[in-house]
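# Understanding the architecture of this molecule
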Amino acid sequence: YESEASQMPQKLQEAYRAWHQAVTETEIVSSTLVLAGRRALGREKDPELTYGEVLFFPFYRLLDEIVKPRPGEVFADLGSGTGRAVFVAALCWPALAACKGYEVSPPLHDDAMRCHGELSGSVMAPVELHCADVLQRDDWAAADIVWIASVCLSDATLREIAARLVGLKPGARVIHMTENFLRDDAFERVAEDPILVEMSFGVTGVFVARRRGPSE
């Protein structure tokens, strides 16, 4: 991973090394923790529990170039897995008020907690990790930036999430992976075409929607 780090701006290299050393390899997560989580929940064949992760630099660039986090904002990941996206945001934008992750699978949540402990000596924004079904929580609707790896979520789940996202404050940004999600008047697309971002499973299209204000 040193060759990857060497291609990054100097300010990112320390954050990347800390992140890389703390997170569990996706192959290990896929082969052990994901299955254990499905069994613990009694949802062995549930496609909504399909596992995939962000990569450090592609996700950083998406946030930096498109989403543009600002000091004092709150980042929330709905389906945070082992915490990779939460920790990218927290390490790269330490002036954020909080970075929150919500993960329904206990083994994945436990690994995120372990990772958080590994990063305890790093300069980073405050992190909150919750083992919870996002549909049973509503505190994430106060976030300024919401990331949803939505590609495997059912239409019914997306409808429930969308109904709560309408309550976001004006200017809040939602990052997602579903073409027809958040296409109502409450949101505007930051870019109409999909933004291509490399993930653990390959390059995929990502969309960013901004919550409109009452006069827009």
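Up top is the structure these notes are about.
Notes on the structure in this doc start here. (Residues numbered from 1 in each chain as written. Predicted model: local features only at pLDDT ≥ 70, side-chain atom pairs only at ≥ 80, totals over all residues. Heavy atoms only, no water.)

### As for the overall build of the chain
Scanning the chain from terminus to terminus reveals seven helices and eight strands. In the chain, which comprises 216 residues, the proportion classed as buried is 52%. The contacts in the chain between residues at least 6 apart in sequence include a share of 70% that link residues at least 24 apart. With an accessible surface of roughly 10100 Å², the chain has 50% of that area assigned to carbon and sulfur atoms. (Helix = DSSP H or I, 4+ residues; strand = E, 2+ residues; numbered from the N terminus. Buried < 20%, exposed > 50% of the residue type's maximum accessible area, 1.4 Å probe, protein only. Contact = heavy atoms within 4.5 Å. Areas by Shrake-Rupley, 256 points an atom, 1.4 Å probe, with all protein chains shown as cover.)

### Overview of the environment of P170
Positionally, P170 belongs in the loop between α7 (155-165) and β5 (173-176). A relative accessible area of 53% means that P170 is categorised as exposed. Apart from residues lying up to four places away in sequence, P170 is in contact with R211, R212, G213 and P214.

### Points about the environment of G72
Within the fold, G72 resides in the loop between α4 (56-67) and β1 (74-78). A relative accessible area of 47% places G72 in the partly exposed class. C-alpha separation for the pair G72 and L96, spaced 24 residues apart in sequence, amounts to 4.7 Å.

### Considering the packing of aromatic side chains
Under the definition given, this model contains seven aromatic pairs. Measuring from ring centre to ring centre gives 6.2 Å for Y16 and W19, while their planes differ by 25°; the resulting arrangement is stacked. With Y16 and W19 both in helix α2 (residues 10-22) and three residues apart, this pair spans about one turn of that helix. With respect to burial, Y16 and W19 carry one shared label: buried. The interplanar angle of 80° and the centroid separation of 6.4 Å between the aromatic rings of F59 and F75 together place this pair among those described as edge-to-face. (Phe/Tyr/Trp six-rings, centres within 6.5 Å; stacked < 30°, edge-to-face > 60°.)

### A closer look at the pairing of strand β2 (residues 98-103)
Working note: regular strand, side chains alternate between the two faces of the sheet. Of all six residues in β2, six are buried; the element is thus mostly enclosed. Of the two faces of β2, the one holding A98, K100 and Y102 and the one holding C99, G101 and E103 are both buried throughout. Two elements, β1 and β2, share five bridges in a ladder whose sense is parallel. Within the sheet, the bridge partner assigned to D77 lies in β2 and is G101. Of the crossover connections in this fold, the one passing from β1 over helix α5 (residues 84-92) to the parallel β2 is right-handed. Pairing between β2 and strand β3 (residues 127-131): five bridges, direction parallel. Each residue of the ladder has a partner; that of E103, found in β3, is C131. (Pairing = 2+ DSSP bridges. Right-handed = clockwise from strand over helix to strand, strands pointing away.)

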